[in-house]
Amino acid sequence: MPFDSWWYNCVSLAVDTQLYHLGAMRLQRNGLMAHRRTFHWPSLLTESGRGIAFGGDYNPDQWPEDVWDDDIRLMKQAGVNTVALAIFSWDRIQPEKHRWEFGWLDCIIDKLGKAGIAVDLASATATAPLWLYEQHPEVLPHDKYGHPINAGSRQSWSPTSPVFKEYALTLCRKLAERYGTNPYVTAWHMGNEYGWNNRYDYCDNALHAFRAWCERKYGTIEALNAAWGTTFWGQEMNGFDEVLIPRFMGADSMVNPGQKLDFERFGNDMLLDFYRAERDAIAEICPDKPFTTNFMVSTDQCCMDYADWANEVDFVSNDHYFHEGESHIDELFCSDALMDSLALGRPWYVMEHSTSAVQWKDLNIRKRKGETVRDSVAHVAMGADAINFFQWRASAFGAESFHSAMVPHAGEHTKLYRSVCELGAALKTLGDAGVQGSELVRSDTAILFSAESEWATRSETLPSKKLNHWHDVRDWYRAYLDAGTRADIVPLKYDWSGYATVVLPTVLMLSAADTARLERFVRDGGTVVVGYASGLIDENFHTWLGGYPGAGDGMLRTMLGIRGEEFNILGAQAEGEPSEIRLSNGMVTRLWQNDIAVDGADTEVLASYAGTQADEWELDGTAAITRNPYGKGMAYFVGCDLNVADLAVFVGDHLTVGQACEAGDGADYDPTITLHTERASAEAIFDFYLPRGKNETVVSGISGEPVYRFQCDEGEAPGVYTIRRNGVLVVKRYNRQ
Ligand code: GAL
C-alpha cells in the first residue's frame, strides 16, 4: 500500500475497532499461517481462565518438602498464577533406567493446582541423569577439537544421537501418560533454551547426519561442490561420503564460509527436529495442550533461526536478560519487537527474565530502583501476556545460587520480594483492565532481521570481524526511538510487503529471490534503506559480482543507482591512521565506508565524505549517503556505519513525517525519550508510556482512563502526567471514545 493511503488509514482508524487488524495488515500474517500451528494460549486456573500469566521457573526438587507449602503461601501472596516446573528434573523422575518416581511431582502439581497456580510442565530433557551418560557416553556432543563435552552441566547431549533420542522420547511419553489429563497442567514447556550448550556438535553422529542433510539439500555432489566453491584450495568432493563438518583445521586456518554457513543451518535444523520429535511424542498422547519452548533473543544473542521455530510452537516464548547501562530499556524493546513479529502480532510469553542481577557476567549489576516492575510492564507494553522469571526461590547451592530470584536468600521481608508482590498486583490490574489478548499496534517501518546474515557476519573471512548484524539492527531500532517513532523488527523471510519502509542493516546475505522481493516492493511504492554491508553475498556465501552491493546480479545496485568498488575499513589497529572520517553533513563514520560511484541518472547524493582524512583514502567528495527514485518508490543507501545519534538524524530527516533533526554527531540533537506503544483489542486501546532516559518526563494531552501508574504523578491540568525514571503510565481508551 502506498505510504500516503496507509498513513490516512492509520489516522482514520485510530479509534476504530478495525485498528485491531492493522498489525496483521502490515506484517502479512496470511501467507505465513499455512506453515504455522494454530495459536493456542494456555488458560490460567482463574474462573475465566484469563489474566496475565505471572510466575517463574520453580525448582522444588532443590528444597525439602516443608518449604513447598511456604512457597505456595508466598506465591499466592505475590499473585503468582503460573510456574514452569521440572525443567531440570529428569534424574528425580527417572533415578534409574527402570525406576520411575512420579510421587513428588504428583504432590507438588496437586498443591500448586489447588492453590490456583497453573503448571507449565517441562519435558525435562534439558539435562539427562548421570547414569544415562555413564551407560551411554556416545550421547555426548563433541567440540570442534574432537573432545567430548562432558556431563555435569546442561544439554550435554547430541541432538543427532539416536540413543539419546530414544531415552528422551520415552520420558516425554511417560510424562504425557501421567499428566496429559491433569487439569492443573495447562502447557508443555519443551526442553529449555535448545542449543544453549549443544548448538555446535562435531561428533560422528553429527558428521553422518550432516552428510545426509547435504544430500537432501543439494541432491548431487556437483551441486554441493558448486555451492561451497570447492575449487578454492582444492577441496572438491567426489561423493557425499567425503563431506566434512568444520572441525578444527589448524590454529590459523580459515574455514570455507559456505561450509560453515551450512553447518549453522544444519545445527539449527537438528535441534528443531529434536524439539519436534519430543513435541510429537507428547502430542500423540496429549493432543490438546499447547506447546512452547523458550527462545533466547536478548542482549548479545539471537542464535537460532527463530523465524522457523516460531512456526512449530503453539505460542511463542522468550528468555530475556537485561543489558545494563544506557541501552537497557532500548535493548529490551528491540528484542521484544522481534518477538512480537515472531508471534505474528499475537501475545507472547516472557518465560524468563531476572528480578535483579544475574550471576554469569563479569560484573553482575542489580536492577535499579523500579526496574523490576518497569522491565516487566515494558514487556507487556511490547505485546507480552506472560511475565515469568528465572527463578522462584534463590537456590541455596549450585552454579546459580547468586542469581536473583523472586524470593531472595533473605526471604520475604525484602525489597525484592515486595517488588515482586507489587508487580503481581500491577499485572492483575492490567489483566482486569482487559490488556490480555490485545495486540501491539505495529509501525509502518520494518527493520529486517535475518538469522542467516547474523551467522554469516560471524565468519572470520570478512573485510572486518567487527560486523554484527544483530547489533546494527539494534542501533537502527534505537535510532527510530530517538527520532520519536517506533519500528518493527521483522524476519527477512516473513512477508513485510505491507510496510511503507523497510531497512536492511548489515543484511549481508541476500538471495536473488529476496532481492527480487525488495525490487517489487520499491517498484510498487515502498521505501527501502540499504545499510553499508548489505547484499554482498548470496545464500551460498558467494560474493555478488560487478560492484557492491551486487545482490540479484546487480538488481540492488540498479535500484540504488550506485556501484561500489572497494571497502574502506578503519580501526584502531591501523596505527597512526585516521580512525574516523567525517561526512559533509557533520556525521562521522568509524568502521566501514563503501567507495562508490554514483551511476543512476536521478541518484541524489545526500552526504559525501569530506576533509583531509577522507582525502587520504581517496574518498574526499565520494558519495556516502544517497537516494534514488525507483519505480513508484525510493531507495536509500547508507554507505557507511554511523552511530545511533547520526542514524536518528537520518531517520528524522528522511524517514519520518515532520521529524526533521539537526545533523551533527548527536551533540545538538535531543533524542525523544518517552516510548509510547499501543495495544489494541476489539474493546479498547491501551497506551503505554515509558521514559527511556534518566530524567523524569512530562506527557501531556493524554486522553482516557489511567489504569496503571508506577512512579508516575498526575499533573494539575487534565491529561498531564509526570513519569519519573523507570516509571510507567498505562491509559485505556475505549473504542470510539
Ligand atoms: C537461562 C536458563 C535458566 C537459568 C538462567 C539464568 O539461560 O534457561 O535455567 O540458567 O539462564 O540467567
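As recorded in an unreviewed UniProt entry, the protein chain goes by the name beta-galactosidase, listed as coming from Bifidobacterium angulatum DSM 20098 = JCM 7096. Listed in UniProt under the heading Catalytic activity (unreviewed entry), the comment for the protein chain reads: "Hydrolysis of terminal non-reducing beta-D-galactose residues in beta-D-galactosides." Entered under Sequence similarities (unreviewed entry) in the UniProt record, the comment concerning the protein chain runs "Belongs to the glycosyl hydrolase 42 family."

Q: Describe the site of the ligand, with residues and values.
A: Phe88, Arg154, Asn192, Glu193, Asp319, Tyr321, Glu352, Trp360, Phe390, Glu400 and His403 make up every residue found near the ligand. Look at the ligand: alone it shows 310 Å² of surface, and the protein chains cover 96% of it. Of the residues assigned to the shell around the ligand, the class counts are 4 nonpolar, 2 polar and 5 charged.

Q: Which residues make up the pairing of strand β3 (residues 118–122), and what values do they have?
A: The element β3 is extensively covered by neighbouring structure, given that 5 of its 5 residues are classed as buried. Both faces of β3 are covered, namely the face carrying Ala118, Asp120 and Ala122 and the face carrying Val119 and Leu121. As paired strands, strand β2 (residues 82–85) and β3 are joined by 4 bridges and run parallel to one another. In the sheet register, Leu85 faces β3, and the bridge partner there is Leu121. Pairing between β3 and strand β4 (residues 185–189): 4 bridges, direction parallel.

Q: Let's hear about the packing of aromatic side chains: which residues, and what values?
A: In the structure shown here, the tally under the stated rule is 33 aromatic pairs. Judged by centre distance (5.6 Å) and plane angle (40°), the rings of Tyr194 and Trp309 are tilted. With a gap of 115 residues between them, Tyr194 in the loop between β4 and α9 (204–218) and Trp309 in helix α12 (residues 306–309) connect regions that are remote in the sequence. By the burial criterion, Tyr194 is buried, and Trp309 matches it. Judged by centre distance (6.0 Å) and plane angle (20°), the ring pair of Phe210 and Trp228 falls under stacked. A residue pair is termed long-range when its members are at least 10 positions apart, and Phe210 in helix α9 and Trp228 in helix α10 (residues 221–228) qualify at 18 residues. Each member of the aromatic cluster is reached from another via a ring pair, and the members are Tyr202, Phe210, Trp213, Trp228, Phe263 and Phe266. Over the ring of Trp63 we find Arg393, and its NZ or CZ is 5.5 Å from the ring centre.

Q: Explain the domain arrangement of the protein chain residue by residue, including any values.
A: Examined at the domain level, the protein chain breaks down into domain 1 (1–53 + 293–435), domain 2 (445–654) and domain 3 (664–734). A C-alpha centroid distance of 33 Å is found between domain 2 and domain 3. Contact residues are listed per partner, giving 15 residues for domain 2 and 10 residues for domain 3. Carbon and sulfur atoms make up 48% of the area that domain 2 and domain 3 hide from each other, which totals about 920 Å². For the domain 2 face of the interface with domain 3, the top three residues by lost area are Leu481, Asp482 and Arg486, together amounting to 46%. Scanning the region where domain 2 abuts domain 3 turns up 1 salt bridge. Salt-bridge contacts for Asp482 lead to Arg692; the nearest nitrogen and oxygen are separated by 2.7 Å. If you look at where domain 2 meets domain 3, you find 1 residue pair in polar contact (both at pLDDT 80 or more).

Q: Go over the UniProt feature "active site" (unreviewed entry) in the protein chain with me, naming the residues and quoting the values.
A: Taken from the UniProt record, the annotation "active site" (unreviewed entry) applies to Glu193 and Glu352. Spanning 160 residues, the named residues form one tight spatial group whose C-alpha atoms are at most 10.4 Å apart. Considering the arrangement of structural elements, one finds Glu193 in the loop between β4 and α9. If sequence neighbours within four positions are ignored, Glu193 has contacts with Gln155, Asn294, Met296, Asp319 and Glu352. For Glu352, the location among the structural elements is in strand β10 (residues 348–352). By relative accessible area, which is 5% here, Glu352 ends up buried.

Q: Help me get a handle on the UniProt feature "binding site: substrate" (unreviewed entry) in the protein chain, residues and values and all.
A: Feature annotation in UniProt places "binding site: substrate" (unreviewed entry) on Arg154, Asn192 and Trp360, given in this structure's numbering. Within the element layout of this structure, Asn192 appears in the loop between β4 and α9. The class for Asn192 is buried, based on a relative accessible area of 6%. Residue contacts for Asn192: discarding those within four places in its chain leaves Ile87, Phe88, Ala126, Arg154, Gln155, Asn294 and Glu352. By relative accessible area, Trp360 is classed as partly exposed at 45%. Once residues lying within four places of it in the same chain are set aside, the contact partners of Trp360 are Tyr321 and His403.

Q: With reference to specific residues and values, describe the confidence of the model for the protein chain.
A: Averaged over every residue, the pLDDT of the protein chain is 93; residues scoring 70 or more account for 94%. Contacts of residues 1–22 to residues separated by more than four positions or lying in other chains number 33 contacts, the stretch itself having pLDDT below 50.

Q: Quick rundown of the sheet that holds strand β21 (residues 604–610)? Include the residues and the values.
A: In sheet architecture, strand pairing relies on hydrogen bonds along the backbone and comes in two forms, parallel and antiparallel. Spatial strand order, β14-β13-β15-β16-β23-β22-β21-β18-β19: 9 strands in an open sheet with mixed pairing. A strand with exactly one partner marks an edge of an open sheet, and here the two such strands are β14 (488–491) and β19 (588–589). Relative to β14, strand β13 (residues 445–449) runs parallel, the two sharing 4 bridges. In the strand pairing of β14, Phe449 is matched with Pro491. Across the sheet, helix α21 (residues 644–655) touches β15 (501–504), β16 (527–530), β19, β21, β22 (623–630) and β23 (633–638), and the angle it forms with β23 is around 160°.

Q: Can you lay out the side chain of Ser354 for me, pointing to particular residues and giving the numbers?
A: If you trace the backbone, Ser354 turns up in the loop between β10 and α14 (371–381). Sequence-distant contacts of Ser354, defined by excluding residues within four places in its chain, comprise His320, Tyr321, Phe322, Lys367, Phe389, Phe390, His403 and Ser404.

Q: An account of the environment of Lys493 is requested, with residue identities and associated values reported.
A: Topologically, Lys493 is positioned in the loop between β14 and β15. Sequence-wise, Lys493 and Ile596 are 103 residues apart; in three dimensions their C-alpha atoms are separated by 29 Å. With near-sequence residues (within four places) excluded, Lys493 lies in contact with Asp305, Ala307, Asp308 and Arg517.

Q: Which residues make up the nonpolar core, and what values do they have?
A: Of all hydrophobic cores here, the largest spans 189 residues; its most connected members are Leu85, Leu105, Leu112, Phe333, Trp476, Trp496 and Val502. In this structure, Trp476 is in contact with Ile447, Val503, Pro505, Val529, Val638, Leu647, Phe650, Val651 and Leu655, ignoring residues within four places of it in sequence. Trp213, Met237, Val243 and Ile245 belong to the second largest nonpolar core, which has 20 residues in total.

Q: Go over α21, please, and point to the residues and values.
A: Burial analysis of α21 places 10 of its 12 residues in the buried class, which makes it a mostly covered element. The set of residues buried in α21 consists of Val644, Ala645, Asp646, Leu647, Ala648, Val649, Phe650, Val651, Gly652 and Leu655.

Q: How would you explain a negative patch on the surface if you had to name every residue and give the values?
A: On the surface, Glu565, Glu566, Glu577, Asp615, Glu616, Glu618 and Asp620 cluster together into a patch of negative charge. Within the residue set of the negative patch, elements represented by two or more residues are β17 (562–569) and α20 (612–616). On the secondary structure map, Glu565 appears in strand β17.

Q: Give a detailed account of the environment of Gly719, specifying residues and quantitative values.
A: Examined against the element boundaries, Gly719 turns out to sit in the loop between β27 (705–714) and β28 (721–734). Overall, Gly719 belongs to the buried group, its relative accessible area being 14%. For the pair Gly719 and Asp475, spaced 244 residues apart in sequence, the C-alpha separation works out to 32 Å. Apart from the residues lying within four places of it in its own chain, the contact partners of Gly719 are Val699, Ser700, Gly701 and Ile702.

Calculation criteria
Residues numbered from 1 in each chain as written. Predicted model: local features only at pLDDT ≥ 70, side-chain atom pairs only at ≥ 80, totals over all residues. Heavy atoms only, no water. UniProt positions renumbered as here; feature names shortened; annotations may be inferred. Near = heavy atom within 4 Å. Areas by Shrake-Rupley, 256 points an atom, 1.4 Å probe, with all protein chains shown as cover. Nonpolar A, V, L, I, M, F, W, Y, C, P; charged D, E, K, R; others polar. Buried < 20%, exposed > 50% of the residue type's maximum accessible area, 1.4 Å probe, protein only. Helix = DSSP H or I, 4+ residues; strand = E, 2+ residues; numbered from the N terminus. Pairing = 2+ DSSP bridges. Phe/Tyr/Trp six-rings, centres within 6.5 Å; stacked < 30°, edge-to-face > 60°. Lys NZ or Arg CZ within 6 Å of the ring centre and 35° of its normal. Domains from an automatic or database assignment. Contact = heavy atoms within 4.5 Å. Buried area = accessible area lost by both parts, 1.4 Å probe. Salt bridge = Lys/Arg side-chain N within 4 Å of Asp/Glu carboxyl O. Polar contact = N/O pair within 3.5 Å; in protein donor to acceptor, adjacent residues only side chain to side chain. pLDDT = per-residue confidence, 0-100. Axes fitted to C-alpha atoms, helices over the stretch in contact; angles between N-to-C directions. Core = buried A, V, L, I, M, F, W, Y, C linked by side-chain atoms within 4.5 Å. Patch = residues over 30% accessible without salt bridge, like charges linked within 9 Å, V, L, I, M, F, W, Y side chains within 5 Å. Lys, Arg positive; Asp, Glu negative; His and termini not counted. Charge placed at Lys NZ, Arg CZ, Asp CG, Glu CD.

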